[in-house]
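Understanding the architecture of this molecule
What follows is each chain in one-letter form.
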Amino acid sequence: MGAQICFPVENLPQEEAWILFNKTTGVCDSMEENQKLRYIATQVVEKCKGLPLAIVTIAKALKDETMVVWENALEQLKDCAASKTINSCLECCYTHLKQDDLKSLLLLCGSLSYDDDISMDHLLQYAMGLDLFDCIDSLEQARNRLLALVEILKASSWLLEDHRPQDRSNFDEQRCSSLLFTDPYNKFVRMHNVVYDVVREIASKDPHPFVVRQVFGLEEWSKTNESKNCTFISLHCQAVDEQLPQALVCPELHFFLLHKDKYSLNISNTFFQGMKKLQVLDLSRMDFEELPSSLNSLANLRTLHLDGCNKLKDIAGIGNLMKLQVLSLASSGIQGLPDEMAQLSNLRLLNLNNCKELKVIPRNILSSLSRLECLDMRGLFNFQWAAIEGDHSNANACLSDLNHLSSLTTLSITIPNAKLLPKDILFDNLTRFVIVIGYPWGCRTNKALKLCNVNRGLDFGDGIIKLLERSEELVFSKLSGTKFLLSPSNRMSFAELKHLDVRLSSDIQYIIDSTDQQFMEQGAFPLLESLFLWQLKNLEEVWHGPIPIGPFGNLKTLKVSSCPKLRYLFWLSTARGLSILESMKIEDCKAMQQVIAYGRESEDKDGGTNLELFPNLRTLELINLPQLISFSSKFTTQVPFFNHKVSFSKLERLKLRGLPKLKPPVIL
């Protein structure tokens, strides 16, 4: 389960079990007034045998239910043997799930890998392929429905929170790359191993069973009645001598997931002939160079995963899969998309992330995918976009094709050069986007714009201007054509911006120019959480002009490096507003004399006493600042570094290095 320390949880004594059950159901008052309900509750707790998981799960299932439901639950528990208490409790709770799509989603989770956390991206794409949700018309609606159902299953203890949201070293990048689930707490869910075993047992008893098994003995199993009735198969290959049969006849099969470890596994051209009803197929990390020919006859297929198939070069025949809604080729070896892909008019999600060998996307393919809602084209390092429509020197698609995708709401794309971006390109319908022009970076949000080698005055069309205003994360590298990042001429307040990174831009003299009164009235950066300024050799001021009330009031992280003309960081009036700043690092700024400067008459009268600066600062690093005299002082002569009552009440880490003009002692 990923725990650092494992210890046994003993069965609870009857009194503690009763307290836990009461607390979970929240019906203490009703039990006092209703002796019959209390009697049934007492019997239910007794049948749970003090097992915490059983108590919590059955209590959540019975919460807010009628007396009849309580009585029925007790009857079910009475029929079970003592050795199967937890199984019976969970099976009883399963029968009390009120929605069919909840039950189907739970069984789907139980059919996935035992060892891994469960990817929300995969759940969504599988659920879409299985048509799990009623009355759903879009990918966005399906996503919201999935999140709602998962929360219900978490509240009922069927699913658990991802136990390591910040540690993803054991997971492939493409598994967590989708912009549909960017919150670290909703990318993955997990299932308790006991719950997993019970769910698998429930699924195996279904009239159309879910089957999770090894490849070994598959051919013999395929001759049984179970294979003729099963609807789900999750197949595991774990040995070098395991091989698939020539064909697998499963006429009712809707879902097929094939896992393999490091061993090669051959799939014959006839393997899928007996799976005419198949809707979801996941063949990720298989070793074939082209698709098995029988795959192209799966007329009902709606979701196809070929992620990590790095030997796969050709997907000819895929145009026959007319019902396909989800196609994921992430990190595959695909070299070109066939012309017939234009026939996939029902496609809603196309994932080409990290397809490094992809060189050919014929014109009219992207523009023909009229229902496409989510497109991921990051990391296509060998693909060359056509510059404009009608560019006969390049037969590839051009970026203006995206204007034809009126349903597109989620876009991830890497564009090598800003000149390829049409001025009239429209991004009005995008609700999630990561658009990288130039060198690729990772992202922290699902509204990110990262621009490298861009001329501010020439390369920004209306589409990009609108995205700048809506972005939560902005990176500017080698920006030219402007002295200001934000100025009166562009009228933008970056009202949604949370993370700003400006680097290697020698034209930049000021981050903000507020000399315009209208700019003062609308303000700027109300939600900014992190600010990184790096190698801005002509930067003189962060904020140029009058300063409105409360700028940077949400800032938590500040890093400034290699800005040789920057003499101070903020005016005192601005610094006083940084009440939630937690980390500050300034290094290699040759001209900096003070971190906080005095510039107004009121600040001079204050004299620097009783300053309540940075009450939440935990980390302060000042490195290689040869001209730094003091942290905050109205005097330009040499004074003690912290010569006033500057409050760092929560400071945990202080690093001062390369400050030759620092006058000891440093007073804190």
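These numbers were taken from a predicted model, which means no experiment stands behind them. (Residues numbered from 1 in each chain as written. Predicted model: local features only at pLDDT ≥ 70, side-chain atom pairs only at ≥ 80, totals over all residues. Heavy atoms only, no water.)

Further remarks concern the overall build of the protein. When its secondary structure is counted, the protein shows 17 helices and 27 strands. Put simply, the protein has 668 residues, and 54% of those count as buried. The contacts of the protein with a sequence gap of at least 6 include a subset with a gap of at least 24, amounting to 64%. Summed over all atoms, the accessible surface of the protein reaches about 29100 Å², with 48% contributed by carbon and sulfur. (Helix = DSSP H or I, 4+ residues; strand = E, 2+ residues; numbered from the N terminus. Buried < 20%, exposed > 50% of the residue type's maximum accessible area, 1.4 Å probe, protein only. Contact = heavy atoms within 4.5 Å. Areas by Shrake-Rupley, 256 points an atom, 1.4 Å probe, with all protein chains shown as cover.)

Further remarks concern the packing of aromatic side chains. Going through the model one piece at a time under the given rule, you end up with 17 aromatic pairs. An angle of 20 degrees between the planes, with centres 6.4 Å apart, marks the rings of W18 and F21 as stacked. One end of the pair is W18 and the other is F21, both in helix α1 (residues 14-25) and 3 residues apart, which spans about a single turn. A relative accessible area of 16% means that W18 is categorised as buried. (Phe/Tyr/Trp six-rings, centres within 6.5 Å; stacked < 30°, edge-to-face > 60°.)

Given 3.6 residues to a turn, an α-helix orients residues that are three or four positions apart in the same direction. Residues of helix α14 (residues 462-470) that are buried: G463, I464, L467, L468 and R470. Where the residues of α14 are buried, they touch β13 (432-437), β14 (447-452) and β15 (473-477).

Here the focus is the pattern of salt bridges. This model, assessed by the stated rule, comprises 16 salt bridges. Note that D131 and R302 form a salt bridge whose closest N and O atoms lie 3.8 Å from each other. Taken together, the residues span a long stretch of sequence, with D131 in the loop between α8 (120-129) and α9 (139-155) and R302 in the loop between β7 (280-282) and β8 (303-305) at a distance of 171 residues. D376 is the partner of R378 in a salt bridge, and the nearest nitrogen-oxygen pair spans 3.0 Å. Note on R378: relative accessible area 15%, which makes it buried. (Salt bridge = Lys/Arg side-chain N within 4 Å of Asp/Glu carboxyl O.)

It is worth spelling out the side chain of N396 at this point. Take N396: it is sitting in the loop between β11 (374-377) and β12 (410-415). A distance of 2.9 Å separates a polar side-chain atom of N396 from the backbone nitrogen of I361. Excluding residues that lie within four positions of it along the chain, N396 makes contacts with K359, V360, I361, P362, R363, F383, Q384 and A386. (Polar contact = N/O pair within 3.5 Å; in protein donor to acceptor, adjacent residues only side chain to side chain.)

Below, the discussion takes up the sheet that holds strand β24 (residues 594-597). Strand order across the open sheet formed by 3 strands is β22-β24-β26, with parallel pairing between neighbours. The open sheet terminates on both sides in strands that have one partner only, identified here as β22 (570-571) and β26 (630-632). Both β24 and β26 contribute to a ladder of 2 bridges, which runs parallel. Opposite Q594, over in β26, you have S630 as the bridge partner. (Pairing = 2+ DSSP bridges.)

Next up on the list: the environment of Q141. Relative to the helices and strands, Q141 resides in helix α9. Residue classification places Q141 among the partly exposed positions, given a relative accessible area of 35%. Apart from residues no more than four positions distant in its own chain, Q141 is found in contact with C135 and I136.

Our focus in this paragraph is the nonpolar core. F256, L283, L500 and F614 are the most contacted members of the largest nonpolar core, which totals 133 residues. For L500, the contacting residues outside a window of four places in its chain are L474, F476, L485, I511, F525, L528, S530, L531 and F532. (Core = buried A, V, L, I, M, F, W, Y, C linked by side-chain atoms within 4.5 Å.)

The predicted model of the protein has a mean per-residue pLDDT of 83, with 83% of residues at 70 or higher. Counting contacts from residues 167-176, a segment whose pLDDT is below 50, to residues more than four positions away or on other chains yields 21 contacts. (pLDDT = per-residue confidence, 0-100.)

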